[in-house]
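One-letter residues, chain by chain:
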Amino acid sequence: MDIPFWNKEIETAERSRLEQIQLERLKVTVGWALKTALYRKRLNQAGINSPDDIKSLGDLRRIPFTTKDDLRVSFPKGHLAVDMVDVLRIHSSSGTTGIPTVIYYSREDVDNWTDLLARSIVGAGGTRADVFQNMMTYGFFTGGLGLHYGAERVGMTVIPISGGNTKRQIQTMRDFRSTVLHVTPSYLLHIHSKLGDEGVCLEDLALRKAFIGAEPHSENTRRKLQDLLRIEAFNSYGLSELNGPGVAFECVCRKDMHVWEDGYIAEIIDPKTGEVLKDGQEGELVLTNIVRRATPILRYRTRDLAFLHPQGCDCGRTHRRLSRILGRTDDMLIINGVNVFPSQIEEKIMKIPEVATNYLIHVDKKGALDRLTVKVEIYPKLFLGEVSKLESLKHKIVEELRASITISPAVELHEPGSLPVSEGKAKRVVDERPKD
Ligand code: AMP
Ligand code: ZN
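Values in this document were obtained by computation on a predicted structure and should not be read as measured data.

(A) Focus on the pairing of strand β10 (residues 264-269). Burial runs high along β10: six of the six residues are buried. A two-sided burial pattern is seen for β10, the buried positions comprising Y264, A266 and I268 on one face and I265, E267 and I269 on the other. Alignment of β10 against strand β11 (residues 283-289), held across six bridges, turns out to be antiparallel. Bridge pairing in β11 links I265 to T288.

(B) Broad picture of helix α5 (residues 107-123). Across its 17 residues, α5 extends 24 Å between first and last C-alpha, which sits within 8% of the 24 Å expected from 1.5 Å per residue. Burial in α5 covers these residues: D109, V110, W113, T114, L116, L117, A118, R119, S120, I121, V122 and G123. G125 lies just past α5 and shows a positive phi near 95°.

(C) Main features of the sheet that holds strand β17 (residues 355-366). Strand order across the open sheet formed by four strands is β19-β18-β17-β20, with mixed pairing between neighbours. Strand pairing shows two members of the sheet lacking a second neighbour, β19 (410-414) and β20 (429-431), which therefore form its edges. Neighbour-to-neighbour, the strand axes of the sheet open up by a mean angle of 20°, direction not taken into account. For strand β18 (residues 369-378) and β19, the ladder comprises five bridges, and the chain directions are parallel. From the neighbouring strand, V376 faces β19, where its bridge partner is L413. Against the sheet, helix α12 (residues 387-405) engages β17, β18 and β19, with an angle of about 135° to β19.

(D) Looking closely at the layout of surface pockets. Taken as a whole, the second largest pocket encloses approximately 360 Å³ of empty space. Every residue lining the second largest pocket is counted, 20 residues in all, and those nearest its centre are R61, I265, A266, E267 and R320. Mapped by element, the contributors of at least two residues to the lining of the second largest pocket are α2 (15-33) and β10. The element contributing the most residues to the lining of the second largest pocket is β10, with four residues. Residue composition of the lining of the second largest pocket, by class: eight nonpolar, four polar and eight charged.

Rules of the game
Residues numbered from 1 in each chain as written. Chains lettered and ligands numbered in written order. Predicted model: local features only at pLDDT ≥ 70, side-chain atom pairs only at ≥ 80, totals over all residues. Heavy atoms only, no water. Buried < 20%, exposed > 50% of the residue type's maximum accessible area, 1.4 Å probe, protein only. Helix = DSSP H or I, 4+ residues; strand = E, 2+ residues; numbered from the N terminus. Pairing = 2+ DSSP bridges. Expected span 1.5 Å × (residues − 1). Axes fitted to C-alpha atoms, helices over the stretch in contact; angles between N-to-C directions. Contact = heavy atoms within 4.5 Å. 1 Å grid on protein atoms, 1.4 Å probe; cavity = no way out; pocket = protein on both sides within 12 Å on 5 of 7 lines; lining within 4 Å. Points joined across faces, edges and corners; volume = space filled by probe spheres on them. Nonpolar A, V, L, I, M, F, W, Y, C, P; charged D, E, K, R; others polar.

Geometry only, nothing functional implied.
Quick look at the structure:
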């Protein structure tokens, strides 16, 4: 097999060389982190007062973990390490209680991130001859702009179509003969199911690859997509706190994702004890970004469960491979690629005076797509009033939720006492999506 590289020297560097790079960059990153309100105190408490206090990679373990909550508490700038004038871009993701997590990028940060994405794309066999249709949402979400910059750096023809509007996606795939897609697996399945409606068959298209990410999916889903669309599908992993996509990406071997270890230090920990586990053992992924200046983040608990492969890859890259994401340690739901915390929903609906105390979050599939339904009990007198009042209440709840979680759920109004009440700990989320 022909193995493509973006930067062969670094992608195949000896482990000892990689670790030397990691140590150098970790020291620099700690220096930047010491400039932030978030880290200064906690690093000092750990006895780290200057970059020189980091003498080996083992010293990383002296640094306490960072959580999404820490970033929320430091909103908006407690974790910013440069002057605003040096910030080139801001991205943001949902917070558990409505306060978003903000990430700042300097010019150098965008450049480094772009380089990791170019490397990811080329590693998966993308070339400047490809027409790249980027179906991930542009905006605060990192998926759209991240890959956009990476694809441009590779020299691909980029179609910045963003998410949604299936009809236009299909027409665009046909009209411009798109060869590579960036898309969530569920949306790609949905698109496939709609090809017939647009009178389009596979022969009208020039698809050859898809980069699929932003949500969990199984090997079976990958195979299904590959068979249905006659393409190769590559898993892509990232999270906004650590730049966005480009943390780990599959190479042409398609046997799990290389973590770019010159850009990130990956650890797998026991989520209960915090103990660092060995390669091959499943646990929570913890990431440290070692090339980001504006928002250095140390030992970030991703809440994603995975393992690192102990063996190398047939492609010759020395950067370790991360398994697909096997689950989460928290209750975050991923609905068509969008992160939703049940607490965000609760916060909003409990503020609405007409809503009584019981509610249920229901998730299932409608065709290939996830469907979120929020069922709420409302006070009985409301059911005696006009139907139009109920309709406008429903509308109000949808709007409130959309403002918080960015997607529109279906809302059902129920009479008090009609939703199940659990004895003991309330079970507020029913997720009936097939696990395949
Ligand atoms: P965000 O910060 O909005 O980009 O969301 C990041 C989260 O999306 C991660 O922590 C994962 O839970 C999930 N995610 C991203 N990529 C993948 C992937 N390839 N497979 C499974 N989950 C993913
Ligand atoms: Zn490989």
